[in-house]
Amino acid sequence: MRVFRGHSRPVPAPVALAVGNFDGVHLGHAELLRRLADAASRRALVPTVLSFEPHPREFFAPDAAPARLSTLREKLELLSEAGVEQTMICPFNAAFAALSADEFIEQVLVGALRVGHLIVGDDFRFGRGRTGDFALLQAAGQRHGFTVEAMGSVTVDGERVSSSGVRRALAAGDMERAARLLGRPYVIDGQVVHGQKLGRQIGFATANLRIKHNPLPMTGVFAVEVGGLGETPLPGVANLGMRPTVGGTRPLLEAHLFDFARDIYGAHISVRFVHKLRDEQRFPNFDALKAQIAADAAAARAFFKL
């Protein structure tokens, strides 16, 4: 997949375009991207996504911004897997936020992206003050020669699929519901880095991943499946959080793989959270933590029927 940073230069060829934050790339996004691929094929256009970095809510209200479900890299990987051939990432800064709805259409959609067909959610708003809407896009399409399609909500078990719904499920520890909304287990991926090696001292060596999600969408101890180390995912148990018992100061994901002894420092792995075992907590001493880690591993093994 080709990735363009900013909208200063036009893309090589006209596009079928979907616009959004695509945080988590859930089932609602998947349906939008399916329609995008279909429209691109029928119209001989390049299936393309326009997204933003940071999330607009992070720009306008950083202290109240929602937890990120996916890093930029994770989002781009998921978009590529869904058949997107190009993504334009526009830096959401003061200059971009100041674009009027008409300027956004003319400079970004028409000038940079050469849009031939546009698909948006039925609640899509854009431009300074969120004054742009579907009717304005339709009128602009008639002037500039592109077509516009609106997509309604996707529901699962009677619930509208949304990034906020996924966040609520994760925060509640309901991995199964989050997976239903996402269409797959929730995943965090990253490069394995060196840690304090405390787990190694007690027989529970862990693969440690530095976390870029801030704030975290969830914390706790989970039964997980780890991909990227072989043909099939490997079962394990993981802690995601601040590690209060050992004085942690930044988020860390620690995954212990069952019956696994390879050196994997530097490997890029994906951790799938399939079941929550308990909340993260502070223990009075290291011995109490050690006992709980053993209990967590036993509970995860039982979950996987190992």
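Scoring rules and cut-offs
- Residues numbered from 1 in each chain as written.
- Predicted model: local features only at pLDDT ≥ 70, side-chain atom pairs only at ≥ 80, totals over all residues.
- Heavy atoms only, no water.
- Helix = DSSP H or I, 4+ residues; strand = E, 2+ residues; numbered from the N terminus.
- Contact = heavy atoms within 4.5 Å.
- Salt bridge = Lys/Arg side-chain N within 4 Å of Asp/Glu carboxyl O.
- Buried < 20%, exposed > 50% of the residue type's maximum accessible area, 1.4 Å probe, protein only.
- Pairing = 2+ DSSP bridges.
- Right-handed = clockwise from strand over helix to strand, strands pointing away.
- Axes fitted to C-alpha atoms, helices over the stretch in contact; angles between N-to-C directions.
- Parallel < 35°, antiparallel > 145°, perpendicular 65-115°, else oblique.
- Left-handed = near helix turned anticlockwise from the far one by under 90°.
- Nonpolar A, V, L, I, M, F, W, Y, C, P; charged D, E, K, R; others polar.
- Phe/Tyr/Trp six-rings, centres within 6.5 Å; stacked < 30°, edge-to-face > 60°.
- Lys NZ or Arg CZ within 6 Å of the ring centre and 35° of its normal.

## Digging into the environment of threonine 155
Relative to the elements of secondary structure, threonine 155 occurs in strand β7 (residues 155–156). In this structure the C-alpha to C-alpha distance between threonine 155 and alanine 97, which are 58 residues apart in sequence, comes to 31 Å. Discounting chain neighbours no more than four positions away, the residues touching threonine 155 are Arg160 and Val161.

## A closer look at the pattern of salt bridges
Throughout the structure, instances matching the rule amount to 14 salt bridges. Across the pair arginine 73 and glutamate 77 runs a salt bridge whose closest N-O atoms are separated by 3.0 Å. Of this pair, arginine 73 and glutamate 77 both sit in helix α3 (residues 72–81), 4 residues apart, which is roughly one turn of the helix. Accessibility expressed as a relative area gives 46% for arginine 73, which makes it partly exposed.

## Some words on the pairing of strand β6 (residues 147–151)
As defined by bridge partners, strand β5 (residues 115–121) adjoins β6 across 5 bridges and the pair is classed as parallel. Looking at β6, one finds that isoleucine 119 is bridged to glutamate 149. Between the parallel elements β5 and β6, the chain passes through helix α6 (residues 134–144) in a crossover that is right-handed.

## A short note on the packing of helix α5 (residues 101–112) against α6
Orientation of α5 relative to α6, taken along the N-to-C sense of each, is 50°, at an axis distance of 11 Å. Taken together, the axis directions place α5 and α6 in an arrangement best described as oblique. Where α5 crosses over α6, the handedness of that crossing is right-handed. Contacts from Ala101, Asp102, Ile105, Glu106, Leu109 and Val110 in α5 reach Leu136, Leu137, Ala140 and His144 in α6. Here the contact of α5 with α6 is built from residues that sort into 7 nonpolar, 1 polar and 2 charged.

## Some details on the environment of valine 224
Position of valine 224 among the secondary structure elements: in strand β11 (residues 220–227). The spacing of valine 224 and alanine 255 is 31 residues in sequence and 7.9 Å in space, taken between C-alpha atoms.

## Describing the sheet that holds strand β9 (residues 186–193)
The 6 strands lie next to each other as β9-β10-β13-β12-β11-β14, forming a closed barrel whose pairing is antiparallel. Taken pair by pair, the neighbouring strands of this sheet meet at an average axis angle of 40°, ignoring direction. In the packing of helix α8 (residues 175–182) onto the sheet, the strands contacted are β9, β11 and β14 (268–278), and the crossing angle to β14 comes to about 135°.

## Description of the packing of aromatic side chains
The final tally for this structure, using the stated rule, is 12 aromatic pairs. Aromatic pair phenylalanine 104 and phenylalanine 126: ring centres 5.3 Å apart, planes at 40°, arrangement tilted. Taken together, the residues span a long stretch of sequence, with phenylalanine 104 in helix α5 and phenylalanine 126 in the loop between β5 and α6 at a distance of 22 residues. We note that phenylalanine 104, like phenylalanine 126, is buried. On the basis of an interplanar angle of 85° and a centroid distance of 5.1 Å, the ring pair of phenylalanine 222 and phenylalanine 273 is categorised as edge-to-face. Of this pair, phenylalanine 222 sits in strand β11 while phenylalanine 273 sits in strand β14, and the two are 51 residues apart along the sequence. Residue classification places phenylalanine 222 among the buried positions, given a relative accessible area of 0%. Three or more aromatic residues joined by ring pairs make a cluster, and in this case those are Phe52, Phe59, Phe60, Phe92, Phe96, Phe104, Phe124 and Phe126. Sitting over the ring of phenylalanine 258, arginine 301 keeps its end group 4.4 Å from the ring centre.

## Side note on the packing of helix α7 (residues 163–171) against α8
Their axes nearest at 7 Å, the elements α7 and α8 cross at an angle of 160°. Judged on the interaxial angle alone, α8 and α7 are roughly antiparallel. As for the relative orientation of α7 and α8, their crossing is left-handed in sense. Every residue of α8 that contacts α7 at Gly165, Val166, Arg168, Ala169 and Leu170 is listed here: Met175, Arg177, Ala178, Leu181 and Leu182. Here the contact of α7 with α8 is composed, by residue class, of 7 nonpolar, 1 polar and 2 charged.

## Notes on the sheet that holds β6
Strand order in the open sheet formed by 6 strands is β1-β4-β3-β2-β5-β6, with parallel pairing between adjacent strands. Each edge of the open sheet carries a strand with a single partner, namely β1 (2–5) and β6. The sheet shows a mean angle of 25° between the axes of neighbouring strands, direction not considered. For strand β3 (residues 46–53) and strand β4 (residues 86–91), the ladder comprises 6 bridges, and the chain directions are parallel. Considered in β4, the bridge of threonine 48 is made with glutamine 86. Sheet strands touched by α6: β5 and β6. Its angle to β6, the strand with the most contacts, is close to 160°.

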